[in-house]
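So you can see what is in the structure, the chains are spelled out below.
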Amino acid sequence: MAVRSCQTQIGSVAGQQVTTIEGLGGDHRVQRAWMALDVPQCGYCQPGQMMSASALLAMNKNPSDQDIDAFMSGNICRCGTYPRIRAAIKAAAKMS
Ligand code: FES
């Protein structure tokens, strides 16, 4: 489950496993798809975008455009990289 770290108090996750962008390991399919499609512009929102994408793909192995838009709607990108984010999620869904 993806949560926003800026809105999550540390005490609320005490004793639970927490995975950050570093925890994806650098070779996660979402990271590979992001690099292949040059998704980031300024990069500010991208860790959150990738963590949400990872959570989406963990629940839905082949998300539709509507699934992606609904799930990712809370992640704002001021640079407007949404079309590349959607394409990268679809590319990641096809990777193992
Ligand atoms: S890449 Fe700049 S805010 Fe998303």
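Residue numbers restart at each chain and count upward from 1, following the sequence in its written direction. Residues qualify for local features only when their pLDDT is at least 70, as the model is predicted, and side-chain atom pairs are given and counted only at 80 or more; totals for whole chains, interfaces and linings, by contrast, use all residues. Here the side-chain values reflect all heavy atoms present in the structure, with hydrogen atoms and water set aside.

Asker: Which parts of the structure should I look at to understand the nonpolar core?
Answerer: Considering soluble globular proteins, one finds that nonpolar side chains tend to be buried as a cluster. Here the nonpolar core consists of buried residues drawn from Ala, Val, Leu, Ile, Met, Phe, Trp, Tyr and Cys, with membership extended through side-chain atoms lying within 4.5 Å. Residue burial is assigned from relative accessible area. The probe radius is 1.4 Å, only protein chains are included, and a residue is buried under 20% of its type maximum, exposed over 50%, and partly exposed in between. In this structure, Val-30, Trp-34, Ala-53, Leu-57, Met-72, Ile-85 and Ile-89 are the most contacted members of the largest nonpolar core, which totals 18 residues. A run of H or I in DSSP becomes a helix once it reaches four residues, and a run of E becomes a strand once it reaches two; helices and strands are each numbered from the N terminus. Of all elements in the fold, only α1 (29–36), α2 (46–59) and α4 (82–94) reach the threshold of two or more residues within this core.

Asker: Mind showing me how you'd approach the packing of α1 against α4 here?
Answerer: Helix-helix packing: each pair is described by the crossing angle between the helix axes and the interaxial distance. Packing of α1 against α4 leaves a shortest axis separation of 8 Å and a crossing angle of 130°. On the basis of the axis angle, α1 is oblique to α4. The way α1 lies across α4 gives a crossing that is right-handed. Between α1 and α4, the contacting residues are Arg-29, Val-30, Ala-33 and Trp-34 on the first element and Ile-85, Ala-88, Ile-89, Ala-91, Ala-92 and Ala-93 on the second. Comment: axis = line fitted to C-alpha atoms, over the contacting stretch for helices; angle = value between 0 and 180 degrees taken between N-to-C directions. Convention used here: angles under 35 degrees read as roughly parallel, angles over 145 as roughly antiparallel, angles from 65 to 115 as roughly perpendicular, and any remaining angle as oblique. Throughout, a crossing is termed right-handed when the near helix is turned clockwise from the far one, and left-handed when it is turned anticlockwise from it by less than a right angle. Throughout, a residue-residue contact means that at least one pair of heavy atoms, one from each residue, lies within 4.5 Å.

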